[in-house]
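What follows is the residue order along each chain.
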Amino acid sequence: MEKFIEKPNITLYPGITVHKDTTLEYNNENVNQNLKDLVFHSVTRIKGENYESTYDTTINLKDGDVLIYEDEGRGYIKPVADFVKIENAIEELECIKE
């Protein structure tokens, strides 16, 4: 019997690794975001047909967390899935090669 895994996703996402001294300010027409002392604050405004919503979110990050940049107007997000640097992904795949 052979062993299989899901085909690795090779899509590259821009983002940053957060450390205790990382600061960030990002603004566009829908989003105001800042990061300082591992506290990420984001205010997002969404307008649609017959509705408006405002999301005010504060996330307490840990040293080494990743924020992914979404070019679709949301700015930086804390992804639900685990994201790693390319070197780490290769290292993890190498160990199962045998």
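Use the structure listed above.
Summarised in this report is the structure supplied together with it. (Residues numbered from 1 in each chain as written. Predicted model: local features only at pLDDT ≥ 70, side-chain atom pairs only at ≥ 80, totals over all residues. Heavy atoms only, no water.)

**Here we look at the overall build of the protein**
As a reminder of what qualifies: Segments assigned H or I by DSSP are reported as helices when at least four residues long, segments assigned E as strands when at least two residues long, and all are numbered from the N terminus. A radius of gyration in this sense is built from C-alpha atoms; the matching globule rule multiplies 2.2 Å by the number of residues raised to 0.38. Residues are treated as being in contact if the distance between any of their heavy atoms lies within 4.5 Å. Here the accessible surface of atoms and residues is derived via Shrake-Rupley with a 1.4 Å probe, and residues count as covered only by protein chains that are part of the display. His is not counted, nor are the chain ends, whereas Lys and Arg count as positive and Asp and Glu as negative. Charge positions come from single atoms, namely NZ of Lys, CZ of Arg, CG of Asp or CD of Glu.
Across its full length, the protein carries 1 helix and 7 strands. When the helices and strands of the protein are listed from N to C terminus, the series reads β-β-β-β-β-β-β-α. A globule of 98 residues ought to have a C-alpha radius of gyration of about 13 Å, yet the protein, at 17 Å, is considerably larger. Expressed along its principal axes, the backbone C-alpha trace of the protein runs to roughly 55 × 40 × 20 Å. In the protein, the proportion of contacts linking residues at least 24 apart, taken out of those at least 6 apart, comes to 36%. Here the protein displays about 8,400 Å² of accessible surface, and carbon together with sulfur accounts for 50% of that area. Across the protein, the 11 positively charged side chains and the 20 negatively charged ones have centroids separated by 2 Å.

**Some points on the sheet that holds strand β3 (residues 31–36)**
Our working definition: Strands were regarded as paired on the criterion that DSSP finds at least two bridges between them. Angles run from 0 to 180 degrees between N-to-C directions of axes, and those axes are lines fitted to C-alpha atoms, restricted for helices to the stretch in contact.
Taking strand neighbours across the sheet as the criterion, the 4 strands line up as β2-β3-β4-β5 in an open arrangement whose pairing is antiparallel. Only two strands of the sheet have a single neighbouring strand rather than two, namely β2 (24–27) and β5 (51–60). Going from strand to strand, the sheet's axes swing by 5° on average, the running direction of each strand aside. Relative to β5, strand β4 (residues 39–48) is paired through 10 bridges, and the arrangement is antiparallel. If you follow F40 over to β5, its bridge partner there is I59.

**As for the side chain of T22**
What counts here: Polar contact criterion, stated in full: a pair of N or O atoms within 3.5 Å, where within protein one must be able to donate a hydrogen and the other to accept it, and residues adjacent in sequence count only if both atoms are side-chain atoms.
Mapped onto the elements of the fold, T22 is located in the loop between β1 (15–17) and β2. Within the structure, the side chain of T22 is placed 2.8 Å from the backbone nitrogen of H19, a separation counted as a polar contact. Excluding its chain neighbours within four sequence positions, the residues that come into contact with T22 are I16, T17, L35, K36 and D37.

**So, the nonpolar core**
Rules: We define the nonpolar core as a collection of buried residues of types Ala, Val, Leu, Ile, Met, Phe, Trp, Tyr and Cys that are connected through side-chain atoms lying within 4.5 Å of one another. Exposure categories follow from relative accessible area, calculated using a 1.4 Å probe and restricted to protein chains: below 20% of the type maximum is buried, above 50% is exposed, and the middle band is partly exposed.
Counting residues in each nonpolar core, the largest one holds 10 residues, listed as V18, L24, Y26, V31, L35, L38, F40, L61, L67 and Y76. At the level of elements, β2 and β3 are the ones that each hand at least two residues to this core. Non-local contacts of Y76, meaning those with residues more than four positions away in its chain, are made with I16, L24, Y26, Q33, F40, L67, I68 and Y69.

**Re a nonpolar patch on the surface**
Applicable threshold: In this scheme, patches are assembled from residues that exceed 30% relative accessible area and form no salt bridge. Like charges are connected within 9 Å, while nonpolar side chains (Val, Leu, Ile, Met, Phe, Trp, Tyr) are connected within 5 Å. We define a salt bridge as a side-chain nitrogen of Lys or Arg found within 4 Å of a carboxyl oxygen belonging to Asp or Glu.
Taken together, the side chains of I5, L93 and I96 define a hydrophobic patch exposed on the protein surface, amounting to about 290 Å² of accessible area. Position of I5 relative to the elements: it lies in the segment before β1. I5 sits in the exposed class, given a relative accessible area of 57%.

Keep in mind that these numbers describe shape and distance, not what the molecule does.
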